[in-house]
Amino acid sequence: MKLFLPTLAAAALAGSAAAAQSPILPGYWESTNTVSSPLHSTSTSRRCISPADVDRFLTGPINHHYTCIYPTRRVGGGKLAMKGICTDNKGRQVQVSASGAYTPTSFHVDAVMTTRFLGLPVSGHATTEARRIAEACPEPPPAAG
């Protein structure tokens, strides 16, 4: 489920891109993803979101490990809720139910995930906390050579 969290954060705001104004602003974003069960893990990453990338960031996975479909998706007024299924590249499925809140410069998502492992039901809880840390992205380092 560790690789699943960045995907969840992006997908949680999916559908919002069709709105007149994007729910988040482009810029340099930092997100902290925490899985609290079944195994605890935390990871933090930073990512540049350009104006052209906002829709892709909001509507698609950040990694290529999961494809998610959310038949239930509500985004508006600073709140979000979604329910769906994510499938990894080996065909394993995870059911997701998530809710949260967003502003143009931050978002928070709580998710409950359920799947089966060796025929037994396994559930987990995860959160993603993200914030825009700068309006502009840092310059890439100069090429070596």
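This structure is a prediction, so every number in the text was calculated from the model and none was measured. (Residues numbered from 1 in each chain as written. Predicted model: local features only at pLDDT ≥ 70, side-chain atom pairs only at ≥ 80, totals over all residues. Heavy atoms only, no water.)

1. Points about the overall build of the chain
Inference 1: When helices and strands are tallied, the chain shows two helices and seven strands.
Inference 2: For the chain, the α and β elements follow one another from N to C terminus as α-β-β-α-β-β-β-β-β.
Inference 3: Every one of the 145 residues in the chain was classed for burial, and the buried ones make up 35%.
Inference 4: Excluding contacts between residues fewer than 6 apart, the proportion of contacts in the chain whose partners are at least 24 apart in sequence is 51%.
Inference 5: As presented, the chain carries roughly 8,400 Å² of accessible surface, and 57% of it is formed by carbon and sulfur atoms. (Helix = DSSP H or I, 4+ residues; strand = E, 2+ residues; numbered from the N terminus. Buried < 20%, exposed > 50% of the residue type's maximum accessible area, 1.4 Å probe, protein only. Contact = heavy atoms within 4.5 Å. Areas by Shrake-Rupley, 256 points an atom, 1.4 Å probe, with all protein chains shown as cover.)

2. Considerations on the sheet that holds strand β7 (residues 120-134)
Inference 1: Within the open sheet, the seven strands sit side by side as β2-β1-β7-β6-β5-β4-β3. Their pairing is antiparallel. Both outer strands of the open sheet, β2 (41-49) and β3 (66-76), are each paired with one neighbouring strand and no more. Pairwise comparison of adjacent strand axes, ignoring direction, gives a mean angle of 20° for this sheet.
Inference 2: Across 12 bridges, the pairing between strand β6 (residues 106-117) and β7 is antiparallel. What sits directly across from H108, in β7, is E129. (Pairing = 2+ DSSP bridges. Axes fitted to C-alpha atoms, helices over the stretch in contact; angles between N-to-C directions.)

3. Examining the confidence of the model for the chain
Regions with low pLDDT carry predicted coordinates that are not meant to be interpreted in detail.
Inference 1: Looking at the chain as a whole, its pLDDT mean stands at 79, while 77% of the residues score no less than 70.
Inference 2: Within the chain, the lowest mean pLDDT, 49, falls on helix α1 (residues 4-12), and the highest, 92, falls on β7.
Inference 3: This stretch, residues 10-20, has a pLDDT under 50; its non-local contacts, to residues over four places away or in other chains, come to 29 contacts. (pLDDT = per-residue confidence, 0-100.)

4. Concerning the nonpolar core
Inference 1: Judged by nonpolar contacts, the single largest core of 19 residues is most densely connected at W29, V96, A98 and F107.
Inference 2: Those elements giving two or more residues to this core turn out to be β1 (27-37), β3, β4 (79-88), β5 (93-103), β6 and β7. (Core = buried A, V, L, I, M, F, W, Y, C linked by side-chain atoms within 4.5 Å.)

5. Let's talk about the pairing of β1
Inference 1: Judged by how many residues are buried, β1 sits mostly within the fold: eight of 11 residues are covered.
Inference 2: Bridge count for β1 against β2 is nine bridges, and the pairing is antiparallel. Bridge pairing in β2 places N33 opposite S43.
Inference 3: In textbook terms, the turn of a hairpin is the stretch between consecutive antiparallel strands, and for β1 and β2 this stretch comprises three residues.

6. A closer look at the state of the cysteines
Inference 1: The final tally for this structure, using the stated rule, is two disulfides.
Inference 2: There is a disulfide in this structure between C48 and C137, and the S-S distance comes to 1.9 Å. What sets the handedness of the C48 and C137 disulfide is the S-S torsion sign, and at about 90° it is right-handed. Here the residue C48 occupies a position in strand β2, and C137 occupies one in the segment after β7, the gap between them amounting to 89 residues.
Inference 3: Paired through a disulfide, C68 and C86 show a sulfur-sulfur distance of 2.1 Å. Torsion about the S-S bond of the C68 and C86 cystine: about 115°, corresponding to right-handed handedness. Of the two residues, C68 is situated in strand β3 and C86 in strand β4; the sequence distance between them amounts to 18 residues. (Disulfide = S-S within 2.5 Å.)

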